[in-house]
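The lines below spell out each chain.
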Amino acid sequence: MTDLFAFEESAAAPDDRPLPDRLRPRTLDQIVGQDHLVGPGAPIRQMTDSGRLASMILWGPPGCGKTTLARILSAHTELHFEQLSAIFSGVQDLRKVFEAAKIRKRNGQGTLLFVDEIHRFNKSQQDAFLPVVEDGTIVLIGATTENPSFELNAALLSRAQVLVLKRLDDAGLETLIGRAEADAGRALPVDDQARATLKAMADGDGRYVLAMAERILAQSAAPGAELSETLDTEALLRIVQRRAPL
């Protein structure tokens with residue numbers, strides 16, 4: 001099977017990628033904070049154990065792992081993986097994906113289509129998914145930060161299972177900070193209060209807390225910086241700008 005993450009290759013060396021991308025989970029067991037979906041006996045775990053994926057809508061806040069989960073799911077199937085963003089894609093892009101999927105189906109291969117920000121598609125664009133989902137031409141995984149009941153067509157929702165991802169709690173964010181420290185080979189140079197402040201600023205967004213941890217580690221390793229210096233909350237806030245809770 002084609003390497004799931006082949007599409008992530010770029011001209012940049014792997015070590016030049018941002019920390020959230022370098023530490024992106026590759027298996028269900030590495031996903032943080034979503035045990036109700038990926039734990040033993042949970043819906044997504046049951047799908048992967050059976051080898052049969054159903055169309056689904058992943059609803060959750062930014063940075064909780066929707067895109068990562070879709071990529072991991074594609075590793076558990078022989079389906080061809082396609083990805084679109086509803087922000088940058090239109091009807092022509094959908095037609096191209098659907099036509100290619102129909103050809104694959106005739107040749108005995110299915111297609112897994114991941115659509116990020118699927119709520120950005122209008123009614124007619126959402127309606128375009130109905131026949132190809134209905135006849136099994138594609139397995140659809142849509143990601144949205146908005147309530148699907150209000151933003152997606154009832155007809156589309158009736159053909160997909162809605163799965164809710166949770167905002168990461170303190171323990172989940174702490175796990176990610178620990179992974180950042182392991183990657184760097186040293187502890188985050190912050191005191192306990194500053195560490196708690198960092199997690200509060202992240203507001204449940206795993207991608208954000210990893211990006212901020214990377215910035216702090218880089219700042220502390222910059223020329224002229226004291227590697228042994230431990231940052232308090234005030235010093236931390238000078239490095240990272242305050243983030244309004246979502």
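The structure contained in this document is the topic of the report that follows. (Residues numbered from 1 in each chain as written. Predicted model: local features only at pLDDT ≥ 70, side-chain atom pairs only at ≥ 80, totals over all residues. Heavy atoms only, no water.)

Digging into helix 4 (residues 66-74)
The buried fraction of helix 4 is high, at nine of nine residues. By the burial criterion, the buried members of helix 4 are K66, T67, T68, L69, A70, R71, I72, L73 and S74. (Buried < 20%, exposed > 50% of the residue type's maximum accessible area, 1.4 Å probe, protein only. Helix = DSSP H or I, 4+ residues; strand = E, 2+ residues; numbered from the N terminus.)

Side note on unusual backbone geometry
Its identity as a non-glycine residue notwithstanding, E117 has a phi of 55°, on the positive side. When you line up the elements, E117 lands in the loop between strand 3 (111-116) and helix 6 (123-127). Unusually for a residue other than glycine, D203 sits at a positive phi of about 55°. Looking at the secondary structure, you find D203 in the loop between helix 11 (192-202) and helix 12 (206-220). For D203, a relative accessible area of 18% gives the class buried.

Points about the nonpolar core
Generally speaking, nonpolar side chains in soluble globular proteins are found buried as a group. L188, L198, V209, L210, I216 and V240 are the most contacted members of the largest nonpolar core, which has 26 residues in total. Put simply, the parts of the chain that give this core at least two residues each are helix 10 (170-184), helix 11, helix 12 and helix 13 (233-239). With seven residues, the single largest contributor to this core is helix 12. Beyond its immediate stretch of four places on either side in the chain, L198 contacts I177, L188, V209, M212, I216 and L236. Ranked by size, the runner-up nonpolar core spans 22 residues in total, among them C64, A70, F81 and L112. (Core = buried A, V, L, I, M, F, W, Y, C linked by side-chain atoms within 4.5 Å. Contact = heavy atoms within 4.5 Å.)

Quick word on the side chain of E181
Looking at the element boundaries, E181 is found in helix 10. The class of E181 is buried, set by a relative accessible area of 15%. Contact partners of E181, with chain neighbours within four places excluded, come to R186, A187, L188 and R195.

Things to note about the pairing of strand 3
Taking burial as the measure, the six residues of strand 3 include five buried ones, the bulk of the element. Relative to strand 3, strand 2 (residues 80-85) is paired through six bridges, and the arrangement is parallel. When the sheet's bridge partners are listed, H80 is paired in strand 3 with T111. With respect to chirality, the unit in which strand 2 leads through helix 5 (residues 91-106) into the neighbouring parallel strand 3 is right-handed. Here five bridges tie strand 3 to strand 4 (residues 138-144), and the two strands are oriented parallel to one another. For L112, the partnering residue across the bridge sits in strand 4 and is V139. (Pairing = 2+ DSSP bridges. Right-handed = clockwise from strand over helix to strand, strands pointing away.)

Quick word on helix 5
Over its 16 residues, helix 5 extends 23 Å from the first C-alpha to the last, a length consistent with the 22 Å expected when each residue adds 1.5 Å. Of the residues making up helix 5, those classed as buried are L94, V97, F98, A101 and R104. Relative to the axis of helix 5, the buried residues are bounded by an arc of 120° and lie together on one face. Of the exposed residues in helix 5, those oriented more than 90 degrees away from the buried face are K96 and R106. If you follow the buried residues of helix 5, they end up packed against strand 2, strand 3, helix 6, helix 7 (129-134) and strand 4. (Expected span 1.5 Å × (residues − 1). Arc of directions from axis to C-beta.)

Focus on the pattern of salt bridges
Enumeration according to the criterion identifies 14 salt bridges in this entry. Between E214 and R22 there is a salt bridge, with its nearest N and O atoms 3.6 Å apart. With E214 in helix 12 and R22 in helix 1 (residues 19-22), this residue pair connects regions lying 192 residues apart in the sequence. Under the relative-accessibility criterion, R22 is labelled partly exposed at 23%. Beyond isolated ion pairs, a larger network of salt bridges with shared partners links D170, E174, E181, R195 and K199. (Salt bridge = Lys/Arg side-chain N within 4 Å of Asp/Glu carboxyl O.)

Focus: the environment of W59
Examined against the element boundaries, W59 turns out to sit in strand 1 (residues 56-59). A C-alpha to C-alpha distance of 4.8 Å links W59 and V164, two positions 105 residues apart in sequence. Setting aside chain neighbours within four positions, we find W59 in contact with K66, T144, T145, E146, N147, P148, L163, V164 and L165. For W59, the side chain forms a polar contact with the main-chain oxygen of E146, separated by 3.3 Å. (Polar contact = N/O pair within 3.5 Å; in protein donor to acceptor, adjacent residues only side chain to side chain.)

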